[in-house]
Each structure stands twice: as structure tokens, then as C-alpha cells.
Amino acid sequence: MAWILLLAAGLLEVGWSIGMKYTDGFTRLVPSVLTGAGIIASMVLLSYAAKSLPIGTAYGVWVGIGAAGAAVLGMLVLGEPATAARIFFVCLLLVAVVGLKVTSGH
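The rules behind the values
- Residues numbered from 1 in each chain as written.
- Predicted model: local features only at pLDDT ≥ 70, side-chain atom pairs only at ≥ 80, totals over all residues.
- Heavy atoms only, no water.
- Salt bridge = Lys/Arg side-chain N within 4 Å of Asp/Glu carboxyl O.
- Buried < 20%, exposed > 50% of the residue type's maximum accessible area, 1.4 Å probe, protein only.
- Phe/Tyr/Trp six-rings, centres within 6.5 Å; stacked < 30°, edge-to-face > 60°.
- Lys NZ or Arg CZ within 6 Å of the ring centre and 35° of its normal.
- Helix = DSSP H or I, 4+ residues; strand = E, 2+ residues; numbered from the N terminus.
- Lys, Arg positive; Asp, Glu negative; His and termini not counted.
- Contact = heavy atoms within 4.5 Å.
- Axes fitted to C-alpha atoms, helices over the stretch in contact; angles between N-to-C directions.
- Parallel < 35°, antiparallel > 145°, perpendicular 65-115°, else oblique.
- Left-handed = near helix turned anticlockwise from the far one by under 90°.
- Nonpolar A, V, L, I, M, F, W, Y, C, P; charged D, E, K, R; others polar.
- UniProt positions renumbered as here; feature names shortened; annotations may be inferred.
- Polar contact = N/O pair within 3.5 Å; in protein donor to acceptor, adjacent residues only side chain to side chain.
- Patch = residues over 30% accessible without salt bridge, like charges linked within 9 Å, V, L, I, M, F, W, Y side chains within 5 Å.
- Areas by Shrake-Rupley, 256 points an atom, 1.4 Å probe, with all protein chains shown as cover.
- Core = buried A, V, L, I, M, F, W, Y, C linked by side-chain atoms within 4.5 Å.

## Concerning the pattern of salt bridges
Taken as a whole and assessed by the stated rule, the structure comprises one salt bridge. In this structure, R86 and E80 form a salt bridge, with 3.5 Å as the shortest nitrogen-oxygen distance. For E80, a relative accessible area of 29% gives the class partly exposed.

## Describing the packing of aromatic side chains
Enumeration according to the criterion identifies two aromatic pairs in this entry. On the numbers, 5.1 Å between centres and 70° between planes, the contact of F88 with F89 is edge-to-face. Taking the relative accessible area as the measure of exposure, F88 reaches 48% and is therefore partly exposed. Directly above the aromatic system of W3 lies the positively charged group of K101, at a separation of 4.7 Å from the ring centroid.

## Quick notes on the side chain of E13
Take E13: it is sitting in helix α1 (residues 2-21). Here E13 occupies a buried position and makes no salt bridge, while the nearest side chain of opposite charge, R86, is found at 14 Å. Here E13 is in contact with S42, W62, V63 and G66, once residues within four sequence places are set aside.

## Topic: the packing of α1 against helix α3 (residues 55-76)
In a pair of packed helices, the angle between the axes and the distance between the axes together describe the arrangement. Direction vectors running N to C along α1 and α3 enclose 40°, while the axes themselves pass 8 Å from each other. The pairing of α1 with α3 is recorded here as oblique in orientation. Crossing handedness for the pair α1 and α3: right-handed. Where α1 abuts α3, its residues W3, L6, L7, A9, G10, L11, E13, V14, S17 and I18 lie against T57, A58, V61, W62, V63, I65, G66, G69, A70, L73 and G74. Tallied by class, residues from the contact of α1 with α3 come to 14 nonpolar, six polar and one charged.

## Thoughts on the UniProt feature "transmembrane region" (unreviewed entry) in the protein chain
According to UniProt, the positions carrying the feature "transmembrane region" (unreviewed entry) are residues 33-50, 57-78 and 84-103. With 94% helix and 0% strand, the stretch residues 33-50 has end C-alpha atoms that lie 26 Å from each other. Helix makes up 95% of residues 84-103 and strand 0%, whereas the separation of the span's terminal C-alpha atoms amounts to 28 Å.

## Thoughts on the side chain of S104
Structurally, S104 can be placed in the segment after α4 (84-102). Since its relative accessible area comes to 12%, S104 is described here as buried. In this structure the side chain of S104 is engaged in a polar contact, spanning 3.0 Å, whose partner is the backbone oxygen of K101.

## A short note on a nonpolar patch on the surface
A cluster of nonpolar side chains, Y22, V72, L73, L76 and V77, forms an exposed patch at the surface whose accessible area comes to about 460 Å². Tracing the backbone through its elements, the reader meets V77 in the loop between α3 and α4. Given the relative accessible area of 56%, V77 is considered exposed.

## Section: the nonpolar core
One finds L6, L46 and L53 to be the most contacted residues of the largest nonpolar core, which totals 13 residues. Among the secondary structure elements, those contributing two or more residues to this core are α1, α2 (29-49) and α3.

What follows is the structure in C-alpha cells.
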């Protein structure tokens, strides 16, 4: 169950990180409220997952999902450059996330 919570927390991190792009520096009410709610929900789920997972693993996987997801959505949705180098490094992030899970002992 902890891994499912951690995956949900990571996906919420992707959502709130992309959401920050739409807040205009937290000057737009609705995107700001949704982004803030995403941050809180993501942190709460991370904290529940960390009850039974090692914190280094939980935090590393959470950050990895968020960073890779935000980078991919940035390329697909926000028109950010999708160079071979960027795609390679996103793949490295995903390898690291899988590596942390495999070596966590859970």
C-alpha cells in the first residue's frame, strides 16, 4: 500500500509543479488554490508512505517521479525542448527511481 501512496504522491507532485506555471506567481486565485491543495495532498501521501518505507527511498522516488513527470509534460504540453539529451536524462531519472525501489528491501 505504501508504494501506491508514494506513486499517487509523485503524480500529485507532477500536477502541482506544472500547476505553478499557471499561477502567475500565485497571483491567480483558482490555479493557486489548486496548486496549493496539490502540494499539501502530495506531502500528506508522502508522509504516509514514509511510515513504512525508508525515507531516503520514499523521498528519492517522490522527487524522481515529480521531476521526470514535470519534464515530460513540459516537453509534451508546454512546448519545452525535447532534445535527445533531455530525454536521455529523464530516462536516467526513471532508472534511478526503479533502482531505489528494487533496492529498498520492501
